[in-house]
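# Overview (structure and organization)
Letter by letter, the chains look like this.
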Amino acid sequence: MNLRRLFFRTQSAPAARERLQVLLAHERLSSEGSDLVTKLRDEILQVIARHVQVDSDKVNVRMERGAQVSTLAVDIEIPFDAGKKAA
Amino acid sequence: MGKVIVVTSGKGGVGKTTSSAALGAALAQNGDKVVVVDFDVGLRNLDLIMGAERRVVYDLVNVIQGEAKLTQALIRDKRIESLYLLPASQTRDKDNLTAEGVEKVVGALKTHFDWVICDSPAGIERGATLAMRHADIAIVVTNPEVSSVRDSDRIIGLLDSKTAKAEAGERIEKHLLLTRYDPARAERGDMLKVDDVLEILSIPLLGIIPESMDVLRASNIGSPVTLADERSAPAIAYFDAVRRLKGESLPVTIPGEKRGFFGKIFGRKAA
């Protein structure tokens, strides 16, 4: 029984590593960048809204922190007739 | 002007106080003038680890509240002349630590000592944020274990946003001190490896302190581990960490990895 446990037990450290990587990627987004992301989201929305009408629910701003660089992804859904309305 | 170091971790029980005492003693053993400050108001333990628990008269809160002079509260180590301790209060509430008071005390200590080591309490509350507030250098103490790594990540975020240096737009120097490391368990794949932790936290490595009975023995007798047994594996690791802290580029070795013939046969039993 002990021998079986010794030989067939899978390593646990890779699971720890993977779980941490997923968790921390998520937590870094929500805690550290939250103020900045909210600010960016609001200001970007203001600029866009000057030219086209957009729904604030359709704006998605994400920031990801890396060791060397961080990336900011902005995803805005613009309705088909938005340009006409603003004009 | 001395350098201010904060020893921090977020999680409790990972070895902040042990490391503060050991690094402070190691720096002082090299001749530098060092003060180690306990910020854990209400749960002080640095005095006990350094063997000065019966010599505490005044503490950090007394100094901040103006009830004692800084020189009255400082306790000089009986073994090393250039090592001092500023204890925390055991009875007072931690709300007695004020931002202005801490700034004044740390500022005064900086002019008298080469190194001011701030031993942070666990958590991310007032005591912890005040301990890191005026630091030039942060030492993040981490165990190779998921909850400790997660909390360290959180603390690194705070160091980059809530310290005086960060607010002034400067970078705070951050180092990782990996403690309670067991190379045999890491090798078997049951403990996060050094590279795993480094990749996740992405801050430079100051040293690896092996899991060791010598640390417990040192605390039992109230002596920093670098003083209790200079030749023990954790003491050597702390001495090396201090050399790196002072700018020497010394490669980091994993303690206890070089095993002889007998070590290879019997080493695993211990783990």
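## Examining the overall build of chain B
Across its full length, chain B carries 14 helices and eight strands. What you see for chain B is a C-alpha radius of gyration of 18 Å, in line with the 18 Å of a compact globule of 271 residues. Viewed in the frame of its principal axes, chain B has a C-alpha envelope of about 60 × 40 × 35 Å. Within the span of chain B, comprising 271 residues, buried residues form 54% of the whole. Excluding contacts between residues fewer than 6 apart, the proportion of contacts in chain B whose partners are at least 24 apart in sequence is 74%. Accessible surface computed for chain B: about 12,300 Å², of which carbon and sulfur atoms make up 48%. Chain B carries 37 positive and 37 negative side-chain charges, and their two centres are separated by 3 Å.

## Points about unusual backbone geometry
Residues and elements named next belong to chain B. Its identity as a non-glycine residue notwithstanding, arginine 180 has a phi of 55 degrees, on the positive side. As for its position among the elements, arginine 180 is in strand E7 (residues 173-181). In this structure, serine 202 takes a positive phi of about 40 degrees despite not being glycine. As for its position among the elements, serine 202 is in the loop between helix H10 (194-201) and strand E8 (205-210).

## Digging into the interface of chain B and chain A
The partner chain A presents 18 residues to the 16 residues of chain B that form the contact. Where chain B touches chain A, the interface holds four salt bridges. Arginine 150 of chain B serves as the salt-bridge partner of glutamate 27 of chain A, at 2.5 Å between the closest nitrogen and oxygen. If you look at where chain B meets chain A, you find 10 residue pairs in polar contact (both at pLDDT 80 or more). Elements with a minimum of two residues in the side of chain B that touches chain A: helix H7 (146-162) and H10 of chain B. The element that contributes the greatest number of residues to the side of chain B that touches chain A is H7 of chain B, accounting for six residues. Its residues placed into classes, the side of chain B that touches chain A shows six nonpolar, three polar and seven charged.

## What about helix H11 (residues 213-220) of chain B?
Working note: α-helix, 3.6 residues per turn, so residues spaced by three or four point in the same direction. The backbone nitrogen of aspartate 214 of chain B has a side-chain oxygen 2.9 Å away, supplied by the residue at the start of H11 of chain B, namely serine 212 of chain B. Remark: glycine 222 of chain B follows H11 of chain B within two positions and exhibits a positive phi of approximately 70 degrees.

## Comments concerning the confidence of the model for chain B
All names here are of chain B. Of the residues in chain B, 94% reach a pLDDT of 70 or more, and the chain-wide mean stands at 92. Per-residue pLDDT stays below 50 along residues 267-271; that stretch engages in eight contacts with residues further than four places along the chain or on separate chains. Here the predicted complex scores 0.81 on pTM and 0.80 on ipTM.

## What about the sheet that holds E8 of chain B?
Residues and elements named next belong to chain B. Taken in spatial order, the eight strands of this open sheet run E3-E4-E2-E5-E1-E6-E7-E8, and their pairing is mixed. One side of each edge strand has no neighbouring strand; the edge strands of this open sheet are strand E3 (75-76) and E8. By the bridge criterion, four bridges tie E7 to E8 in an arrangement that is parallel. Within the sheet, the bridge partner assigned to leucine 178 lies in E8 and is isoleucine 208. Running over the sheet, helix H1 (residues 16-29) touches strand E1 (3-8), strand E2 (34-38), strand E4 (83-86), strand E5 (115-119), strand E6 (137-142) and E7 and is turned about 170 degrees from E5.

So, how was this worked out
- Residues numbered from 1 in each chain as written.
- Chains lettered and ligands numbered in written order.
- Predicted model: local features only at pLDDT ≥ 70, side-chain atom pairs only at ≥ 80, totals over all residues.
- Heavy atoms only, no water.
- Helix = DSSP H or I, 4+ residues; strand = E, 2+ residues; numbered from the N terminus.
- Rg over C-alpha atoms; globule rule 2.2 N^0.38 Å.
- Buried < 20%, exposed > 50% of the residue type's maximum accessible area, 1.4 Å probe, protein only.
- Contact = heavy atoms within 4.5 Å.
- Areas by Shrake-Rupley, 256 points an atom, 1.4 Å probe, with all protein chains shown as cover.
- Lys, Arg positive; Asp, Glu negative; His and termini not counted.
- Charge placed at Lys NZ, Arg CZ, Asp CG, Glu CD.
- Salt bridge = Lys/Arg side-chain N within 4 Å of Asp/Glu carboxyl O.
- Polar contact = N/O pair within 3.5 Å; in protein donor to acceptor, adjacent residues only side chain to side chain.
- Nonpolar A, V, L, I, M, F, W, Y, C, P; charged D, E, K, R; others polar.
- pLDDT = per-residue confidence, 0-100.
- Pairing = 2+ DSSP bridges.
- Axes fitted to C-alpha atoms, helices over the stretch in contact; angles between N-to-C directions.

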